[in-house]
Amino acid sequence: MTFQNDRLKNAIGEARDKWGWFVALGVILLILGGIAFANLVVATVASVYFVGWLMLISGIIEIVHAFGVKTWGRFFYWLASGLLYAFAGFFAFYNPLLASAVLTFLLAVALVASGALRAWVGYQHREQRGSGWIITAGVVTMLAGLVIAMGWPVNSLWILGLFLAVDLFFQGWTFVAFGLALKR
């Protein structure tokens, strides 16, 4: 146990020496979050391009993988899957606004479904302490999904950018707080 404690102390000591880097990264992320907030449509398109690149790269990898599979049935499965991914990635570049509408709709559906599931799980465990928080979180998530769905497709121009901006802000504040805590 003392070996692990020593390793942890060493890791914290090394990170403490670099506290300024954490703060600097946090400030950069806060600035990027502000830029994203100021340009939600551009941030939405940037996030669609990012997802498009991921899908295109994944599709190419699956197509290459298909040729390494020994049986024809699996070959066609991996080839079809790779082609669909690559097509979706290409589509994101070809028409990013329509792709943002599709992604926003999928986000709304995912939020409603995960919120409903979370609320149901909380309700199933309502006799346990803290279950009210789980139910509340599920209802809030479900409401967020419904609000997005009610504004769809018009809000598709800015919702993904808003999520990106909020994430950048939270990441930025987290790194700043972490860096300042290390300094102390």
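Thresholds, definitions, all that
- Residues numbered from 1 in each chain as written.
- Predicted model: local features only at pLDDT ≥ 70, side-chain atom pairs only at ≥ 80, totals over all residues.
- Heavy atoms only, no water.
- Helix = DSSP H or I, 4+ residues; strand = E, 2+ residues; numbered from the N terminus.
- Rg over C-alpha atoms; globule rule 2.2 N^0.38 Å.
- Contact = heavy atoms within 4.5 Å.
- Areas by Shrake-Rupley, 256 points an atom, 1.4 Å probe, with all protein chains shown as cover.
- Lys, Arg positive; Asp, Glu negative; His and termini not counted.
- Charge placed at Lys NZ, Arg CZ, Asp CG, Glu CD.
- Core = buried A, V, L, I, M, F, W, Y, C linked by side-chain atoms within 4.5 Å.
- Buried < 20%, exposed > 50% of the residue type's maximum accessible area, 1.4 Å probe, protein only.
- Expected span 1.5 Å × (residues − 1).
- Phe/Tyr/Trp six-rings, centres within 6.5 Å; stacked < 30°, edge-to-face > 60°.
- Lys NZ or Arg CZ within 6 Å of the ring centre and 35° of its normal.
- Polar contact = N/O pair within 3.5 Å; in protein donor to acceptor, adjacent residues only side chain to side chain.

Novice: Please explain the overall build of the protein chain as it appears in this structure.
Specialist: Scanning the protein chain from terminus to terminus reveals 7 helices and 0 strands. Reading the protein chain from its N terminus to its C terminus gives the helix and strand order α-α-α-α-α-α-α. Relative to a compact globule of 184 residues, whose C-alpha radius of gyration would be 16 Å, the protein chain shows 22 Å and is clearly more extended. Once the C-alpha set of the protein chain is aligned to its principal axes, its extents read approximately 55 × 45 × 40 Å. For the protein chain, the proportion of contacts with a sequence separation of at least 24, taken over those separated by at least 6, is 75%. For the protein chain, the accessible surface area stands at approximately 12500 Å², while carbon and sulfur atoms represent 75% of it. Each charge class in the protein chain was averaged separately, 11 positive and 6 negative side chains, and the resulting centres sit 3 Å apart.

Novice: Before we go on, may I ask you to explain the nonpolar core in this structure?
Specialist: For soluble globular proteins, nonpolar side chains are generally found buried alongside one another. Val48, Ala92, Ala99, Leu107, Ala108, Leu111, Ile148, Ile159 and Leu160 form the largest nonpolar core, which has 9 residues in total. Within the residue set of this core, elements represented by two or more residues are helix 5 (96–124) and helix 7 (159–183). Sort the elements by how many residues they give to this core and helix 5 lands first, with 4 residues. Dropping the residues within four chain positions of it, alanine 92 is found in contact with Val48, Tyr49, Gly52 and Ala99. Leu29, Ala43, Ala165 and Leu168 belong to the second largest nonpolar core, which has 5 residues in total.

Novice: Would you mind showing me how to read helix 5 here?
Specialist: An α-helix turns once per 3.6 residues; consequently, residues spaced three or four apart project the same way. Taking 1.5 Å as the rise per residue, helix 5 with 29 residues should run 42 Å; its terminal C-alpha atoms sit 41 Å apart, in good agreement. Buried-residue contacts for helix 5 involve helix 3 (40–66), helix 4 (72–94), helix 6 (131–151) and helix 7.

Novice: Any chance you could explain helix 7 here in plain terms?
Specialist: With 25 residues, helix 7 extends 36 Å between its outermost C-alpha atoms, agreeing within 8% with the 36 Å of an ideal straight helix rising 1.5 Å per residue. Those residues of helix 7 lying buried are Ile159, Leu160, Gly161, Ala165, Leu168, Gly172, Val176, Gly179 and Leu182.

Novice: Looking at this structure, I do not really get unusual backbone geometry. What am I missing?
Specialist: Comment: phi is negative for the bulk of residues other than glycine, and the bulk of peptide bonds are trans. Here tryptophan 152 and proline 153 are connected by a cis peptide whose omega angle stands at 5°. Note that proline 153 resides in the loop between helix 6 and helix 7.

Novice: Just to check I follow, could you spell out the packing of aromatic side chains for this structure?
Specialist: Geometrically, a pair of aromatic rings is defined through the distance of the ring centres and the angle of the planes. According to the stated counting rule, one finds 10 aromatic pairs in the structure shown. Between phenylalanine 67 and phenylalanine 75 the ring centres are 5.2 Å apart and the planes differ by 65°, which places this aromatic pair in the edge-to-face class. Residue phenylalanine 75 is classed as buried on the basis of its relative accessible area of 11%. Within the aromatic cluster, the residues linked to one another by ring pairs are Phe22, Phe175 and Phe178. A cation over a ring is seen here: arginine 126 above tyrosine 123, with NZ or CZ 4.1 Å from the ring centre.

Novice: Would you mind showing me how to read the side chain of serine 47 here?
Specialist: Position of serine 47 among the secondary structure elements: in helix 3. For serine 47, the side chain forms a polar contact with the main-chain oxygen of threonine 44, separated by 2.7 Å.

Read these as geometric descriptors, not functional statements.
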